[in-house]
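# Structure assessment
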Amino acid sequence: MKLLLCLAALAAVYCSVNSKETPPKVQVYSRNPGEYDKENTLICHVSNFHPPDITIDLLCNESPLPNPKQTDLAFKQDWHFHLTKSASFTPRNGEKCTCRVTHMGKQKDYAWEPNM
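These lines cover the structure that appears in this document, whether it is placed above or below. (Residues numbered from 1 in each chain as written. Predicted model: local features only at pLDDT ≥ 70, side-chain atom pairs only at ≥ 80, totals over all residues. Heavy atoms only, no water.)

## Some words on the side chain of Ser30
Quick reminder of the rule: A helix here means a DSSP run of H or I that spans at least four residues, while a strand means a run of E at least two residues long, and both kinds are numbered starting from the N terminus. Each residue gets one of three labels from its accessible area relative to the maximum for its type: buried under 20%, exposed over 50%, partly exposed in between, using a 1.4 Å probe on protein chains only. Any pair of N or O atoms that falls within 3.5 Å is considered a polar contact. Within protein, one atom must be able to donate a hydrogen and the other to accept it, and sequence-neighbouring residues count only if both atoms are side-chain atoms. Only heavy atoms enter the contact rule, under which two residues are in contact if any of them lie within 4.5 Å.
Its place among the elements puts Ser30 in strand β1 (residues 25-30). For Ser30, a relative accessible area of 15% puts it in the buried group. At a separation of 2.7 Å, a polar atom in the side chain of Ser30 contacts the main-chain carbonyl oxygen of Asn32. A polar atom in the side chain of Ser30 sits 3.4 Å from the side chain of Trp112. Apart from residues no more than four positions distant in its own chain, Ser30 is found in contact with Asn40, Thr41, Ile43, Phe89 and Trp112.

## Focus on unusual backbone geometry
Note the cis peptide between His50 and Pro51, where omega equals -5°. Checked against the element boundaries, Pro51 lands in the loop between β2 (40-49) and β3 (54-60). Although it is not a glycine, Asn48 adopts a positive phi angle of roughly 60°. As for its placement among the helices and strands, Asn48 is situated in strand β2. Although it is not a glycine, Asn61 sits at a positive phi angle of roughly 50°. Tracing the backbone shows Asn61 in the loop between β3 and β4 (63-64).

## Let's talk about the sheet that holds β3
The condition is simple: By the convention used here, strands pair only if DSSP detects at least 2 bridges between them.
Across the sheet, which stays open at both edges, the four strands sit in the order β4-β3-β8-β9 with antiparallel pairing between neighbours. Both edges of this open sheet fall to β4 and β9 (106-111), since each of them pairs with a single strand only. Sheet topology places β3 next to β4; two bridges connect them, and they run antiparallel. Pairing of Cys60 across the sheet is with Ser63, part of β4.

## Examining the packing of aromatic side chains
Which entries qualify depends on this criterion: Two aromatic rings, drawn from Phe, Tyr or Trp (for Trp, its six-membered ring), form a pair once their centres lie within 6.5 Å of each other, and the interplanar angle then sorts them: stacked below 30 degrees, edge-to-face above 60, tilted otherwise.
With the rule as written, the count across this model stands at four aromatic pairs. Their ring planes at 85° and their centres at 5.1 Å tell us that Phe89 and Trp112 sit as a pair that is edge-to-face. One end of the pair, Phe89, is in strand β7 (residues 81-89); the other, Trp112, is in the segment after β9, and 23 residues separate them in sequence. Trp112 matches Phe89 in its accessibility class, with the two residues each being buried.

The structure is reproduced here in structure tokens:
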């Protein structure tokens, strides 16, 4: 048991020393084609980032969307992480809906394009 704990600690130190900060790839889309005044779901998929220190906010006109749902943080074999957050919304003409991602203290907004 002690050997297993030592190996786990050694692996954690090795990963932290050799890991590099990788910015996230962000995709913002809706479940259904965008139509004004029709209920839809705004989805923000964030992938291929490291370390896992990340915050995702879904906003319309700078106001948070209510009752968002978020998947569990998951990772690939190379220790890059991915996460998805979604919320119901009803897009309005002239409204700006965004996914705000904060990773390692750097904040960036990604706009939803309704393609209408």
